[in-house]
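Listed here are the chains, written in short residue letters.
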Amino acid sequence: MRLSRKTALATVSALLLCASAAQAQSDRSVRIGISTFLSGAGAVFGVPARDAAELVAADINRQGGIKGAQVKLTFFDENQGVDNTVIEYKRLVESNQVDAMVIGLSSSTCLAVAPVAEQLKMPTLLWDCGTARLFEEQRYDHVYRTADYTPSNNVAAALYLLKDMPQVKTIAGINQDYAFGRDNWAAFKEAVQALRPDVKFVAELFPKLGTADYSTEISRLSALRPDVVFTTLWGGDMNTFVKQSSSRALFRTSRLVAPNGQSSLEQLGKTFPANAIVGMRGDSWAFNPAMRDNAQHRKFVEDFRAKTRAYPSFPAYHMAQALSAVRQALEQRWDGQPATLKTALLQGWDGLQLDDYTGKLAIRADHQAMEGQLYGVSKPAEGQPFLTLSRLALIPPELVSPPVGEKTDDWLRTLKPSLLEQISIPAE
């Protein structure tokens, strides 16, 4: 049977329209710009986070994407400096190369980028930075944070220390000389002072970010012989300080308390001191017994090890949390059309609750995520070339975080010694 010329043309036109629609469907994507440290001392945190982002995106795409749209990632290096990071952020947004941004290993980056994100109306997740100043000093409609922050991490450290070591009398601090280091030390110190006013602080040291030689600081700490050395040094700085301190036996007389020390356990191997109090800025840990039966968690750890030959540290989990937040928001709120993507993200992040292989978190009204704080004590592990953590305690976020609208400093002054009665640390 022959088709009329008119019918044939209509058929061809319909086929072309279908092909065009199919091509448009396959071309749809969720484009995410990501800043992290890809070089310098911060790369010890930043590169594992990048690896985690690539794994999560690849897993999403293998499963058909988000509403049929593939996830595409664009990375840029925070080690180029805060000003240049802001310039790169603006370039990607203003040239319409991204639909969302995942920003900020460094607190300095987050503080600089957040007002720019608001000005450009770009949905932006802060994936790791910890400064409390962010949401206490300014309200944002387009900026959210999917990781814990300064008060919760450091108040939890104070609670664990004071509960586990009631005989402590003297504490020294060594923290980096910028917002993150100073804010962490202030939160920890104020919490200890509120909970145990008799404890004395005998040193407050603030070396520069990227310090290569800590001999001066170690000499002073060795001379003081404090009961505890508290540090929120991170990345290469943490590793360098611990290596140099261990070679000079600092931790034979002083106990290390490191709220973000988990990331250094595998990297430092047996150089990391035993009996240190160690946190991971949240509840995510490759060896967390609570996640032993979680198939998604096992797969993430296995895939990460296959890709990197290492276990994921907490920065890798923080990045995975951020991308999980993107995925969940769009799956719940998005109709699949490019024009509605940004609105769907913002709606989905409001009150977001995650309970997946990265642990549990909930974003509250001020856009700050709340997650439990997992702490433990470092000890050798049989058949393992690096230390593990024992005597784990998961401290609820509501115990260690100021309520919405309350300044951290004001809230810290309200802490009472009776708070210690709500903390339980298992025996060996």
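What you see is a predicted model; the values in this text were computed from it and never measured. (Residues numbered from 1 in each chain as written. Predicted model: local features only at pLDDT ≥ 70, side-chain atom pairs only at ≥ 80, totals over all residues. Heavy atoms only, no water.)

Let's shift gears to the state of the cysteines. In protein chemistry, a disulfide is the covalent bond that joins the sulfur atoms of two cysteines. If you walk through the whole model with that rule in mind, you get one disulfide. The side chain of Cys-110 participates in a disulfide bridge whose partner is Cys-129; the two sulfur atoms lie 2.1 Å from each other. Handedness here is read from the sign of the S-S torsion; for Cys-110 and Cys-129, about -105°, the answer is left-handed. Taken together, the residues Cys-110 in helix α4 (residues 107–120) and Cys-129 in the loop between β4 (124–126) and α5 (133–137) connect sequence positions 19 residues apart. (Disulfide = S-S within 2.5 Å. Helix = DSSP H or I, 4+ residues; strand = E, 2+ residues; numbered from the N terminus.)

Turning next to the confidence of the model for the protein chain. Per-residue pLDDT for the protein chain averages 93, and the proportion of residues at 70 or more is 94%. Counting interchain partners and residues more than four positions distant, the pLDDT-below-50 stretch residues 6–26 has three contacts. (pLDDT = per-residue confidence, 0-100. Contact = heavy atoms within 4.5 Å.)

In total, this model carries 19 salt bridges according to the counting rule given. A salt bridge links Asp-51 to Arg-50, with the shortest nitrogen-to-oxygen separation between them at 3.1 Å. For Asp-51, a relative accessible area of 9% gives the class buried. Look at Arg-50 and you get partly exposed, because its relative accessible area is 26%. One salt bridge in this structure joins Arg-364 and Asp-366, with 2.9 Å as the shortest N-O distance. (Salt bridge = Lys/Arg side-chain N within 4 Å of Asp/Glu carboxyl O. Buried < 20%, exposed > 50% of the residue type's maximum accessible area, 1.4 Å probe, protein only.)

Next up on the list: empty space enclosed by the protein. Summed over all chains, the structure comprises two cavities of 30 Å³ or more. Approximately 50 Å³ is the volume attributed to the largest cavity. What lines the largest cavity is Phe-45, Leu-105, Asp-128, Cys-129, Gly-130, Tyr-178, Phe-180, Trp-234, Asn-260 and Arg-281. Its residues placed into classes, the lining of the largest cavity shows six nonpolar, two polar and two charged. Lining the second largest cavity are Ile-32, Ala-57, Ile-60, Ile-66, Val-71, Leu-323, Val-326 and Arg-327. For the lining of the second largest cavity, the secondary structure elements donating two or more residues are α2 (43–62) and α12 (314–333). It is α12 that contributes the most residues to the lining of the second largest cavity, three residues altogether. Of the residues that constitute the lining of the second largest cavity, the class distribution is seven nonpolar, no polar and one charged. (1 Å grid on protein atoms, 1.4 Å probe; cavity = no way out; pocket = protein on both sides within 12 Å on 5 of 7 lines; lining within 4 Å. Points joined across faces, edges and corners; volume = space filled by probe spheres on them. Nonpolar A, V, L, I, M, F, W, Y, C, P; charged D, E, K, R; others polar.)

Bringing the nonpolar core into the picture now. Ranked by size, the top nonpolar core spans 77 residues in total, and within it Val-102, Phe-241, Phe-272, Leu-330 and Trp-349 carry the most contacts. The greatest single-element share of this core, amounting to 11 residues, is contributed by α12. Filtering out sequence-adjacent residues up to four positions away, Leu-330 remains in contact with Val-30, Ile-66, Lys-67, Leu-341, Ala-344 and Leu-345. Formed by 37 residues, the second largest nonpolar core is a distinct cluster that contains Val-168, Ile-395, Val-400 and Leu-420. (Core = buried A, V, L, I, M, F, W, Y, C linked by side-chain atoms within 4.5 Å.)

Moving on, we get to helix α13 (residues 341–349). Three or more residues of α13 are buried, namely Leu-341, Ala-344, Leu-345, Leu-346, Gly-348 and Trp-349. Buried positions along α13 lie against β1 (29–36), β3 (100–103), β4, β5 (143–145), α12 and β12 (359–363).

Glancing now at the side chain of Thr-150. Turning to its location among the elements, Thr-150 is positioned in helix α6 (residues 150–164). Judged by its relative accessible area of 3%, Thr-150 falls in the buried class.

Relative to the elements of secondary structure, Asp-148 occurs in the loop between β5 and α6. With a relative accessible area of 1%, Asp-148 lands in the buried category. Separated by 19 residues in sequence, Asp-148 and Cys-129 place their C-alpha atoms 8.4 Å apart. In this view, Asp-148 contacts Cys-129, Gly-130, Asn-153, Arg-281, Gly-282, His-318, Gln-368, Ala-369, Glu-371 and Gln-373; residues no more than four positions away in its chain are not counted.

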